[in-house]
Amino acid sequence: GEDVEQSLFLSVREGDSSVINCTYTDSSSTYLYWYKQEPGAGLQLLTYIFSNMDMKQDQRLTVLLNKKDKHLSLRIADTQTGDSAIYFCAERGPGGYNKLIFGAGTRLAVHP
Amino acid sequence: DGGITQSPKYLFRKEGQNVTLSCEQNLNHDAMYWYRQDPGQGLRLIYYSQIVNDFQKGDIAEGYSVSREKKESFPLTVTSAQKNPTAFYLCASSWDRNSPLHFGNGTRLTVT
């Protein structure tokens, strides 16, 4: 079945790199996404990667995809206090509509 | 500015009452979605619509109803048949079934 797993909590020091990990089960997933949610707000699309790619970089964000292990990671360089939020990994499988399967989210806490 | 507007931000209802959550988008997106978020869990799909006058059940449609009479609007009604309606509700839209989802800021519904 479809499932997306994430660790629930990550704490980092300001200025360090953060790495948020995610595993998924559907090997036929076409796109994988990272969303950010700040308290009381909706989800903000951060980045996404197509399944035929290994890596995607966008400013401070680097996404790595290991299809063999069904593992996705999001690295945030030079983490700032404004990066404190919940980060959701989501996979999109094949099919006739845009169904996303979300993980439970990783709460990132950035401390001085 | 284009975006997705959900209203109201907070909604309180007595048990046994139906309530309708509003979602409007001016992004000219064809597809719209409703998700439910519970604490410590990922998002779960309630209903989606790929085009005007058409909508489909998601994973947890029981106790909910929707309509899609206009491209820009996709209201969600939480009926008295929904056993546990208190949650954070998120509306999203996408250009089509292959594009990333963009989310509104959510409506927090509390039923007592």
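Reference entry: report on the structure contained in this document.

What counts and what doesn't
- Residues numbered from 1 in each chain as written.
- Chains lettered and ligands numbered in written order.
- Predicted model: local features only at pLDDT ≥ 70, side-chain atom pairs only at ≥ 80, totals over all residues.
- Heavy atoms only, no water.
- Helix = DSSP H or I, 4+ residues; strand = E, 2+ residues; numbered from the N terminus.
- Rg over C-alpha atoms; globule rule 2.2 N^0.38 Å.
- Buried < 20%, exposed > 50% of the residue type's maximum accessible area, 1.4 Å probe, protein only.
- Contact = heavy atoms within 4.5 Å.
- Areas by Shrake-Rupley, 256 points an atom, 1.4 Å probe, with all protein chains shown as cover.
- Phe/Tyr/Trp six-rings, centres within 6.5 Å; stacked < 30°, edge-to-face > 60°.
- Pairing = 2+ DSSP bridges.
- Axes fitted to C-alpha atoms, helices over the stretch in contact; angles between N-to-C directions.
- Core = buried A, V, L, I, M, F, W, Y, C linked by side-chain atoms within 4.5 Å.
- Salt bridge = Lys/Arg side-chain N within 4 Å of Asp/Glu carboxyl O.
- Buried area = accessible area lost by both parts, 1.4 Å probe.
- Polar contact = N/O pair within 3.5 Å; in protein donor to acceptor, adjacent residues only side chain to side chain.

## Some remarks on the overall build of chain B
Piece 1. Helix and strand counts for chain B stand at 0 helices and 11 strands.
Piece 2. The secondary structure elements of chain B, listed N-terminal to C-terminal, are β-β-β-β-β-β-β-β-β-β-β.
Piece 3. In summary, chain B has a C-alpha radius of gyration of 13 Å against a globular reference of 13 Å for 112 residues, a match within 12%.
Piece 4. Counting only C-alpha atoms and orienting by the principal axes, one finds that chain B spans roughly 35 × 25 × 25 Å.
Piece 5. Every one of the 112 residues in chain B was classed for burial, and the buried ones make up 46%.
Piece 6. Long-range pairs, those at least 24 residues apart, make up 52% of the contacts in chain B with a sequence separation of at least 6.
Piece 7. As presented, chain B carries roughly 5600 Å² of accessible surface, and 45% of it is formed by carbon and sulfur atoms.

## Here we look at the packing of aromatic side chains
Piece 1. Taken as a whole, this structure holds 13 aromatic pairs over all chains when the rule is applied.
Piece 2. Relative to Tyr48 of chain A, the ring of Tyr33 of chain A lies with its centre 5.6 Å away and its plane at 35 degrees, an arrangement referred to as tilted. Residue Tyr33 of chain A is located in strand S4 (residues 31-37), and its partner Tyr48 of chain A is located in strand S5 (residues 43-50); the two are separated by 15 residues in the primary sequence.
Piece 3. Given a relative accessible area of 1%, Tyr33 of chain A falls into the buried group.
Piece 4. For Tyr48 of chain A, a relative accessible area of 29% puts it in the partly exposed group.
Piece 5. Of the aromatic side chains, those joined through ring pairs into one cluster are Tyr31, Tyr33, Tyr35, Tyr48, Phe50, Phe88 and Phe102 of chain A together with Tyr35 and Phe103 of chain B.

## With respect to the sheet that holds strand S7 (residues 64-66) of chain B
Residues and elements named next belong to chain B.
Piece 1. Sheet architecture is open: 4 strands sit in the order S1-S3-S8-S7, paired in antiparallel fashion. One side of each edge strand has no neighbouring strand; the edge strands of this open sheet are strand S1 (4-7) and S7. Put simply, the sheet's adjacent strands are angled 20 degrees from each other on average, direction ignored.
Piece 2. Pairing between strand S3 (residues 19-25) and strand S8 (residues 76-78): 3 bridges, direction antiparallel. If you follow Leu21 over to S8, its bridge partner there is Leu76.

## Comments concerning the nonpolar core
Note on soluble globular proteins: their nonpolar side chains tend to be buried together.
Piece 1. Counting residues in each nonpolar core, the largest one holds 21 residues, and the members touching the most others are Trp34, Leu72, Leu74 and Tyr87 of chain A.
Piece 2. For this core, the secondary-structure elements that each account for two or more residues are strand S3 (18-24), S4, S5, strand S7 (61-66), strand S8 (71-76), strand S9 (85-92) and strand S11 (106-111) of chain A.
Piece 3. Not counting chain neighbours up to four residues away, the residues in contact with Leu72 of chain A comprise Ile20, Asn21, Cys22, Leu32, Tyr33, Trp34, Ile49, Val63, Leu64, Leu65 and Cys89 of chain A.
Piece 4. In terms of nonpolar packing, the next biggest core, distinct from the first, is built from 20 residues, Tyr33, Phe88 and Tyr97 of chain A together with Leu90 of chain B among them.

## Points about the pattern of salt bridges
Piece 1. By the definition in use, this model includes 7 salt bridges over all chains.
Piece 2. For Asp83 of chain A, the salt bridge is made with Arg60 of chain A, and the minimal N-O distance between the two is 2.9 Å. Separated by 23 residues along the polypeptide, Asp83 of chain A in the loop between S8 and S9 and Arg60 of chain A in the loop between strand S6 (55-58) and S7 bring together distant segments of the chain.
Piece 3. Here the salt bridges share partners, and the residues they tie into one network are Arg36, Asp38 and Arg44 of chain B.

## With respect to the interface of chain B and chain A
Piece 1. On the side of chain A, 20 residues touch chain B, which itself brings 25 residues to the contact.
Piece 2. Roughly 1700 Å² is buried in total at the junction of chain B and chain A, and carbon and sulfur atoms are behind 53% of that figure.
Piece 3. On the chain B side of the interface with chain A, the three residues burying the most area are Arg97, Pro100 and Phe103 of chain B, jointly 25% of the side's total.
Piece 4. The tally of links between chain B and chain A comes to 1 salt bridge.
Piece 5. The residue Lys99 of chain A makes a salt bridge to Asp59 of chain B at a minimum N-O spacing of 3.0 Å.

## Overview of the side chain of Thr106 of chain A
Residues and elements named next belong to chain A.
Piece 1. Looking at the secondary structure, you find Thr106 in strand S11.
Piece 2. You can call Thr106 buried: its relative accessible area is 1%.
Piece 3. Here the side chain of Thr106 touches Gln6 through a polar contact of 3.1 Å, side chain to side chain.

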